[in-house]
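# Geometric and topological summary
Spelled out, the chains give:
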Amino acid sequence: MLKIKNLHAGIEGKKILNGINLEIKAGEVHAIMGPNGSGKSTLASVLAGRENFEVTGGSVELFDKDLLATSPEDRARAGMFLAFQYPVEIPGVSTTNFIKTAVNECRKYRGQEPLDAVAFLKMMKEKMKLVHIDQSLLSRSLNEGFSGGEKKRNEIFQMAMLEPKLAILDETDSGLDIDALRIVANGVNSYRNGENAFLVVTHYQRLLDYIVPDFVHVLYNGRIVKSGTKDLALELEEKGYDFIKNEVELTLNV
Amino acid sequence: MYEENENILDQVTSSEYKYGFVSHFETDDAPKGLSEDTVRFISARKNEPAWMLEYRLKAYRHWLTMQEPTWPNVSYPAINYQDIIYYSAPKQKIKANSLDEIDPELRRTFEKLGISLQEQKRLSGVAVDAVIDSISVTTTFKDELGKQGIIFCSMSEAIQEHPELVRKHLGSVVPPTDNFFSALNAAVFSDGSFCYIPEGVRCPMELSTYFRINAANTGQFERTLIVAEPGSYVSYLEGCTAPMRDENQLHAAVVELIALERAEIKYSTVQNWYPGDKEGRGGIYNFVTKRGICAGDYAKISWTQVETGSSITWKYPSVILKGDYSNGEFYSVAVTNNFQQADTGTKMIHLGKNTRSRIVSKGISAGRSNNSYRGLVQVARHASKARNFSQCDSLLLGDKCGAHTFPYIEVKNNTAIVEHEATTSKIGEDQIFYCNQRGIDTETAVALIINGFAKEVMNQLPMEFAVEAQKLLAISLEGSVG
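Since the structure is predicted, the reported quantities are computational estimates derived from the model, not experimental observations. (Residues numbered from 1 in each chain as written. Chains lettered and ligands numbered in written order. Predicted model: local features only at pLDDT ≥ 70, side-chain atom pairs only at ≥ 80, totals over all residues. Heavy atoms only, no water.)

It is worth spelling out the overall build of chain B at this point. Across its full length, chain B carries 11 helices and 23 strands. Counting the 482 residues in chain B, one finds 64% classified as buried. Long-range contacts, defined as pairs at least 24 residues apart, comprise 83% of the intrachain contacts of chain B with a sequence gap of at least 6. For chain B, the exposed surface amounts to about 18000 Å²; the carbon and sulfur share of it is 48%. (Helix = DSSP H or I, 4+ residues; strand = E, 2+ residues; numbered from the N terminus. Buried < 20%, exposed > 50% of the residue type's maximum accessible area, 1.4 Å probe, protein only. Contact = heavy atoms within 4.5 Å. Areas by Shrake-Rupley, 256 points an atom, 1.4 Å probe, with all protein chains shown as cover.)

Pasting the structure below:
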């Protein structure tokens, strides 16, 4: 599904990603962990196509197509979703209206008819249950005055509505209390169906108790320095990131 | 909503100023320039009674003593008032009584503008008065309205047929001496609309006037007067377009509203005069005086305006709240792009007790334009318990435009409550990227954000025009982002 080869990227001349290699297949859940400043969020942003990041080398393919040559909206329409770490507010635009516009833009790209109001409402009702989101929240302006937990649930709700093939969750657990974390994780889990894939970016092992990854990668200085299974996350939790740092430096010194 | 956005997108990508065409028909023009002779020429052409000519001449003589205002936050080269044609009328033998009598070229013009004058084909429930250059071409639904005693006709016709009403009210809210442009208008106005709603009558349809400047080098000076007798209600809408020309054209209109006890007037404007090109060449100077008076207790006047056109806009639709418990509202969206300049706002003059006013102004600036809100809230000494709420929001697109707010508050009664809120924001790259990431392209995203920003005002427009106005917003801002 997604093939990242030797990806280099940075911002304003500063190098952040220094050769990322990663392949994600349908049905897989990959977790990216790493200390602050290791490039986790940059990776998510570059994949989604945020303009201010500059790709300086390497390639990314989504469904065998050159992702980096594709506009952000076409990436989304092709089935890539980013759950933002900091979802933006858009005053005056109701969440429902926003999602409806998004859903229908994506449908148009796939050659499908736009959903009419009835079909859209029906779909919304179903997906609302997934993340325990309330109708009244959806009538409000997008993310305006939402609590941290509401914003994150709204992200997962949008994911469920847009039915992406690859969902990138950028620190979706940050700022969530334990109940909200569980709700968000359940939302994600119920969306898993063996065909779609996830890239979960997180600081903490905590989220991975609920969203169980197939692979865990540790990002450090813009490189994946260690990959493993769920156990790697537990090891990190126990030993802290220093143990990775030490290991990396040891290798470099040899 | 989705289909609307679809439309907006199509229009955004395809159109520049779509009303920029010129129609060719023979016209009857006054000689260029302004003198007493010009005023007499206009009055004679319209076969006016002596009192009307007197009114005009008085206004003209007063105008000669006045100075053009310099306080608005706009700049433009000096206007040569002798270089303007003050009267230009499509040569139609007589005012058309039936639609078949209208010059086919004229009719085609209105068809191109998307306004059908054929009553059976028209939007249900909207009566139209169509004004080209200096004269009213036709008014629809007149007979039907007449059955309820409603008068809806051109101003020239009103002067002929209802002189007592015109004489009583004309200039009672905006006297010729009020300001430079109102004096000019009083001297040379050529046509406009007149509405009269009798006591207790609720006007069953939207009344609408469509103004079109067509001829070159002409100024348009129309005059609108609406009188709502006690307990009556009327909703009125005006639309404006003009051809694309390299020189600037002057439009100086005067609108007067009179609402008597418990009467309500809702006045909506969708102003789309030619805004000039991307380099700031050409466009209409829109210098307009609009004022209403809530003359009786519990009267209500509500102004809603969507201003997207004109190279320069100078206008402050105002309400004099004279009756106790009367209510004034002003809802405005003003969009400026490229080199447009707008200095617009309102005046709420609280004279009566327990009067209320509400101001919601949304300014959107893009390109190298300048957009100013200027508003006055005045509470007189005897206006106890007056209330005002003002909200002025500005949205900036890009970093070369300007948004300015000039609120003036004068309160002479200590029981008044006056509130003012203002915000300025930018359409952020973050917002656009968020939309992009959900599959929404940038143009659609901007339309979505703009319409969200202006929603509170757009909701005030009559249904028939809200969609049109939404599209207009998107078109006006075409290419201003990304």
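All names here are of chain A. The four strands lie next to each other as β2-β1-β4-β5, forming an open sheet whose pairing is antiparallel. The open sheet has two free edges, formed respectively by β2 (14-24) and β5 (65-66), since each of these has just one partner strand. By the bridge criterion, eight bridges tie strand β1 (residues 2-11) to β2 in an arrangement that is antiparallel. When the bridges of β2 are listed, His8 appears paired with Asn18. Set on the sheet, helix α1 (residues 40-48) makes contact with β1, β2 and β4 (53-62); between it and β1 the angle comes to about 110 degrees. (Pairing = 2+ DSSP bridges. Axes fitted to C-alpha atoms, helices over the stretch in contact; angles between N-to-C directions.)

This part takes up the sheet that holds strand β12 (residues 223-228) of chain A. Residue and element names in this part refer to chain A. Sheet architecture is open: six strands sit in the order β6-β9-β10-β3-β11-β12, paired in mixed fashion. The sheet is open, and its two borders are formed by β6 (80-83) and β12, each paired with just one other strand. Taken pair by pair, the neighbouring strands of this sheet meet at an average axis angle of 20 degrees, ignoring direction. Direction of pairing for β6 relative to strand β9 (residues 166-170): parallel, over a ladder of four bridges. Along β9, the bridge assignment pairs Met80 with Leu166. Where helix α6 (residues 148-162) meets the sheet, it contacts β6, β9 and β10 (197-201), and its direction lies at approximately 170 degrees from that of β6.

Time to look at the interface of chain B and chain A. Many structure descriptions define interface size as the accessible area lost when the parts assemble. Taken residue by residue, the interface counts 22 residues in chain B and 32 residues in chain A. A buried area of about 2400 Å², summed over both sides, lies between chain B and chain A, and 62% of it is on carbon and sulfur atoms. Across the pair Asp441 of chain B and Arg77 of chain A runs a salt bridge, and its minimum N-O distance is 3.8 Å. Seen at the junction of chain B and chain A, the total is 11 residue pairs in polar contact (both at pLDDT 80 or more). When contributions to the side of chain B that touches chain A are tallied by element, the ones reaching two or more residues are α1 (2-14), α9 (429-437) and α10 (442-458) of chain B. (Buried area = accessible area lost by both parts, 1.4 Å probe. Salt bridge = Lys/Arg side-chain N within 4 Å of Asp/Glu carboxyl O. Polar contact = N/O pair within 3.5 Å; in protein donor to acceptor, adjacent residues only side chain to side chain.)

Turning our eyes to something else, we now look at α1 of chain A. All names here are of chain A. Extensive coverage of α1 is indicated by the burial of eight of its nine residues. All of the buried residues along α1 are Lys40, Thr42, Leu43, Ala44, Ser45, Val46, Leu47 and Ala48. Looking one or two residues beyond α1, the residue adopting positive phi is Gly49, at roughly 95 degrees.

Turning next to the pairing of β9 of chain A. Residues and elements named next belong to chain A. Among the five residues that make up β9, five are buried, leaving the element largely enclosed by the rest of the structure. In β9, alternate side chains face the same way, and those of Leu166, Ile168 and Asp170 on one face and Ala167 and Leu169 on the other are all buried. Relative to β10, β9 is paired through five bridges, and the arrangement is parallel. By the bridge assignment, Ile168 is partnered in β10 with Leu199. Chirality of the crossover, the property in question, places the unit of β9, helix α7 (residues 178-191) and β10 among those that are right-handed. (Right-handed = clockwise from strand over helix to strand, strands pointing away.)

Moving on: the confidence of the model for chain B. Residue and element names in this part refer to chain B. Overall, the predicted model of chain B reaches an average pLDDT of 83, with 80% of residues at or above 70. Below pLDDT 50 for its whole length, residues 1-15 participates in 30 contacts with residues either more than four positions away or in separate chains. Here residues 119-125 is a poorly scored stretch, pLDDT under 50, and it has 14 contacts once near neighbours within four places are set aside; other chains count. As a predicted assembly, this complex carries a pTM of 0.80 together with an ipTM value of 0.95. (pLDDT = per-residue confidence, 0-100.)

Let's shift gears to the packing of helix α2 (residues 36-45) of chain B against helix α3 (residues 50-64) of chain B. How two helices pack is summed up by the angle between their axes together with the distance between the axes. All names here are of chain B. In the contact formed by α2 and α3, the axes pass within 10 Å of each other and the chain directions differ by 155 degrees. On the basis of their axis angle, the class for α2 and α3 is roughly antiparallel. Seen along the crossing, α2 lies across α3 with a hand that is right-handed. Between α2 and α3, the contacting residues are Glu36, Val39, Arg40, Ile42 and Ser43 on the first element and Leu53, Arg56, Leu57, Tyr60 and Arg61 on the second. Partitioning the contact of α2 with α3 into residue classes produces five nonpolar, one polar and four charged. (Parallel < 35°, antiparallel > 145°, perpendicular 65-115°, else oblique. Left-handed = near helix turned anticlockwise from the far one by under 90°. Nonpolar A, V, L, I, M, F, W, Y, C, P; charged D, E, K, R; others polar.)

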